[in-house]
Amino acid sequence: DVKVTQSSRYLVKRTGEKVFLECVQDMDHENMFWYRQDPGLGLRLIYFSYDVKMKEKGDIPEGYSVSREKKERFSLILESASTNQTSMYLCASSRPRTGGSSYNEQFFGPGTRLTVL
Amino acid sequence: GENVEQHPSTLSVQEGDSAVIKCTYSDSASNYFPWYKQELGKRPQLIIDIRSNVGEKKDQRIAVTLNKTAKHFSLHITETQPEDSAVYFCAASIKAAGNKLTFGGGTRVLVKP
């Protein structure tokens, strides 16, 4: 059974603070993703990683950075939190595509609801 | 990049009735279309998916249809039950983008007993 965990369910930070959101998966998945979820906007991809020390920008990377030092752990960093980063943050992981037509389910963590005051 | 639009944003149905959610996508290179269900306070979970070489797929009370020419795909839930109440997200993936998904805005479905 795939398990994706996130370090906090709820987090309250102040404007300008540096914020770390941690995600850990225990299924040896190569792919890991960070999304933010806002009402009416669905899930928007912030960053993703296909391998250790590898990262790629998603659709809304501004104001965020990531770190992947170990295969099982993918961290999202808000260098200087702002109020418009108040949101639900979801981490996901999946196996890589192994062929031209293969796709693999993304497994999500429980989410971290971040409030920036 | 890919853009996915989802309608309606909310849907209220009577228990036993059918529910239909529609999505359109912009990039004709998209070839994989999953649907995720998120119950209140829980994480999204894959419920069904369809590939571009298939026009329809069914799994018990849920089915997905795909019209590649029109670039839209739909989720159909028949004989709705209270446990179908959730937010549903459609998504699209381009082969060249690996496992990257672009999600629609979500549909909140409420099944009234």
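Above this text sits the structure in question.
The residue numbering used here restarts from 1 in each chain and proceeds along that chain's sequence as written. Both sets of labels track the order of writing: A upward for chains, 1 upward for ligands. Local features in a predicted model are, by the rule used here, given only for residues with pLDDT of at least 70; side-chain atom pairs are given and counted only at 80 or more, and totals for whole chains, interfaces and linings are based on all residues. Neither water nor hydrogens contribute to the side-chain values; these are computed over all heavy atoms in the structure.

Trainee: Requested: an account of the side chain of Ser94(A), with residues and values cited.
Mentor: Here Ser94(A) is to be found in strand 9 (residues 87-94). Classification of residues uses two cut-offs on accessible area relative to the type maximum, computed with a 1.4 Å probe and protein chains only: under 20% is buried, over 50% is exposed, and between them is partly exposed. Here Ser94(A) falls in the buried class, since its relative accessible area comes to 0%. Secondary structure elements follow DSSP: runs of H or I of four or more residues count as helices, runs of E of two or more count as strands, with numbering from the N terminus.

Trainee: How would you sum up the interface of chain B and chain A? Please name residues and give values.
Mentor: Residue contacts follow a heavy-atom distance rule, with two residues in contact if any of their heavy atoms lie within 4.5 Å. Taken together, the contact between chain B and chain A spans 20 residues of the former and 28 residues of the latter. Two parts placed together each lose some accessible area under a 1.4 Å probe, and the buried area is that loss summed for both. Summed over both sides, the interface of chain B with chain A buries roughly 2,000 Å², with 49% coming from carbon and sulfur. When the buried area of chain B at its contact with chain A is split by residue, Arg43(B), Asn99(B) and Lys100(B) rank highest and sum to 33% of it. Here, a salt bridge means any Lys or Arg side-chain nitrogen found within 4 Å of an Asp or Glu carboxyl oxygen. One can count 1 salt bridge joining chain B with chain A. Here a polar contact means two N or O atoms within 3.5 Å. Within protein one must be a hydrogen donor candidate and the other an acceptor candidate, and residues neighboring in sequence count only if both atoms are side-chain atoms. Counting across the interface, chain B meets chain A through 5 residue pairs in polar contact (both at pLDDT 80 or more). Put simply, the parts of the chain that give the side of chain B that touches chain A at least two residues each are strand 4 (30-38), strand 5 (45-51) and strand 9 (86-94) of chain B. With 4 residues, the top contributor of residues to the side of chain B that touches chain A is strand 4 of chain B.

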